[in-house]
Amino acid sequence: MKGITAFEAIGNLSDALIMSAVLPDDACPVVTSPRPSAFKRFMNSSWGVAAVCASVAVSVMGGILWAGNRSDPTPGGTPPITGESESQTEAAMEHEPVSEEETVTDPPALESETTEEETTAPPVSGGTVRLRQYTWDGWGISNRKLDEKAGARLIEMLRNLQPTGEYTEALASGTMEGDYDIEVPETVERGTYWIEAEGQVYRVSRDLDAIWLVERHYGEGEKLNADDAFFDVFYDLWRYHPYDSYVISYKDGGFTVSHAYEADSPIRVEVLEILPDQVMNPAVIDSDSMPRDVDMLDAKHKITLRITALSEDIETTVRLHAQYSADNLLVGSSEKLSLKAGVPQTVTLTYNGRPSWGIDVSISVENVRIYLYHME
């Protein structure tokens, strides 16, 4: 039924029917809305909304200021900000004396400076530097440890060696187990050297003409660029360290002395004379006319030394060793000495053997070593 049709139908009802449908006043209570309170009327007004917005803004600003004034709980954090105004702070600074220590401070180090310092090479320190060699006679590995001064010198030279980009293959599997290994792989050449320094291993050729930084004693490695000066220093350390060492070359009745390695010693030694036994010298008498064993036993070559204690009296012994090779020893001599400080004392030592066979003579007294070679 459409609205207009319903409206017309209502108009056709009788008045009696309509009056019978009217409810009495007390049958249906009228529900009225309660009158809003004054606070609610204020809050619903524009002034109330403005007051709420202002209250929220003040709360937010107060929270920000409270968070900014909190002290940093971590060490080195930003100190709390005081409530003094800028003008008050400036006035206080004008009347309060400031010490020189507070006004002049070093600026904090830049991060780049710290990084540069960390990448700089550490100071040279000898530490433990050990040299090794596979002996020429094949009896195993011999070794010696350098003192701090000599070790620092060698480390500094090693640090200056630059890689060449050339590599060498491994000599054998495994590595050395101890200081005096006897079992050495057959692929390792006799006379090969090694340097152990700063946790690294270097292998040096037996001819002292190449050096490699290797992963282990018998392992692969990269060749380094080293000159003759490096190998000369290395050989002197291997041959003479830690003794105050002199080398004497004898030839045709004369000799020369060179200071091969300098080290501290409480005495001074001078070579005065070298006198081979002319009777047994093959240059004078035909060696085929006498048994060689007699020649070796009876020859009495002589060397005369002058020894002086430098600063204090010393009771010591001077010893001479002679040999043709490591397994062919000759007879040498020794003598006990009572040295007075500053007073030279002369001593003559003897040894046997044929100089033409290449006698290797060494003399030791305190920290001095003298090596005598007969030259043809």
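See the structure shown above.
Per chain, residue numbering runs from 1 following the sequence as it is written. Side-chain atom pairs in this predicted model are given and counted only at pLDDT of 80 or more, local residue features only at pLDDT of at least 70, and totals for whole chains, interfaces and linings cover all residues. Excluded from the side-chain calculation are hydrogens and water; included are all heavy atoms of the structure.

Enquirer: So what's going on with the packing of aromatic side chains? Which residues, and what values?
Expert: Two aromatic rings are characterised by how far apart their centres lie and by the angle between their planes. Each Phe, Tyr or Trp ring (for Trp, its six-membered ring) is paired with any other whose centre lies within 6.5 Å, and the angle between the two planes then decides the class: stacked below 30 degrees, edge-to-face above 60, tilted in between. Scanning all chains against the criterion turns up seven aromatic pairs. Judged by centre distance (5.3 Å) and plane angle (90 degrees), the ring pair of Tyr 193 and Phe 234 falls under edge-to-face. Residue Tyr 193 is found in strand 4 (residues 193-197), and its partner Phe 234 is found in helix 9 (residues 228-240); the two are separated by 41 residues along the sequence. The class of Phe 234 is buried, set by a relative accessible area of 0%. Both rings, one in Tyr 240 and one in Tyr 371, keep their centres 5.4 Å apart while their planes meet at 55 degrees; by these two values the pair is tilted. Placement of Tyr 240 in helix 9 and of Tyr 371 in strand 17 (residues 368-374) is noted, with a sequence separation of 131 residues between them. For Tyr 240, a relative accessible area of 7% gives the class buried. Counting every residue linked through ring pairs, the aromatic cluster contains Tyr 193, Phe 234 and Trp 238. When the ring centre of Tyr 371 is taken as origin, the NZ or CZ atom of Arg 239, which lies over that ring, is 4.3 Å away. Charges are assigned to positions over rings by a cutoff of 6 Å between ring centre and Lys NZ or Arg CZ, combined with an angular limit of 35 degrees from the ring normal. One residue, Arg 369, lies across the ring of Tyr 243, its end atom 3.8 Å from the ring centre. Each helix is a run of DSSP H or I of at least 4 residues and each strand a run of E of at least 2, with the numbering of both proceeding from the N terminus. For every residue, the accessible area (1.4 Å probe, protein chains only) is compared with the maximum for its type, and the residue is labelled buried under 20%, exposed over 50%, or partly exposed between those bounds.

Enquirer: Quick rundown of the pattern of salt bridges? Include the residues and the values.
Expert: Should a side-chain nitrogen of Lys or Arg be within 4 Å of a carboxyl oxygen of Asp or Glu, the pair is scored as a salt bridge. All chains considered together, the criterion is met by six salt bridges. With a shortest N-O distance of 2.4 Å, Arg 132 and Glu 196 are connected by a salt bridge. A residue pair is termed long-range when its members are at least 10 positions apart, and Arg 132 in strand 1 (residues 129-134) and Glu 196 in strand 4 qualify at 64 residues. Like Arg 132, the residue Glu 196 is buried in the burial classification. Where Arg 306 meets Glu 270, a salt bridge forms, and the shortest distance between an N and an O atom there is 3.2 Å. Here Arg 306, found in strand 11 (residues 301-309), pairs with Glu 270, found in strand 10 (residues 267-275); they are 36 residues apart in sequence, far enough to count as distant. The exposure class assigned to Arg 306 is partly exposed, which follows from its relative accessible area of 31%.

Enquirer: I'd like to hear about the environment of Asn 367, residue by residue, with values.
Expert: By secondary structure assignment, the location of Asn 367 is in the loop between strand 16 (360-365) and strand 17. Excluding its chain neighbours within four sequence positions, the residues that come into contact with Asn 367 are Pro 242, Tyr 243, Asp 244, Ala 263, Asp 264 and Ser 265. A polar side-chain atom of Asn 367 sits 3.5 Å from the main-chain carbonyl oxygen of Pro 242. Contacts are residue-level and defined by heavy atoms, with any inter-residue pair within 4.5 Å sufficient. Identification of polar contacts relies on pairs of N or O atoms within 3.5 Å, with a donor-acceptor requirement for protein atoms, meaning one able to donate a hydrogen and the other able to accept it, and with residues adjacent in sequence counted only if both atoms are side-chain atoms.

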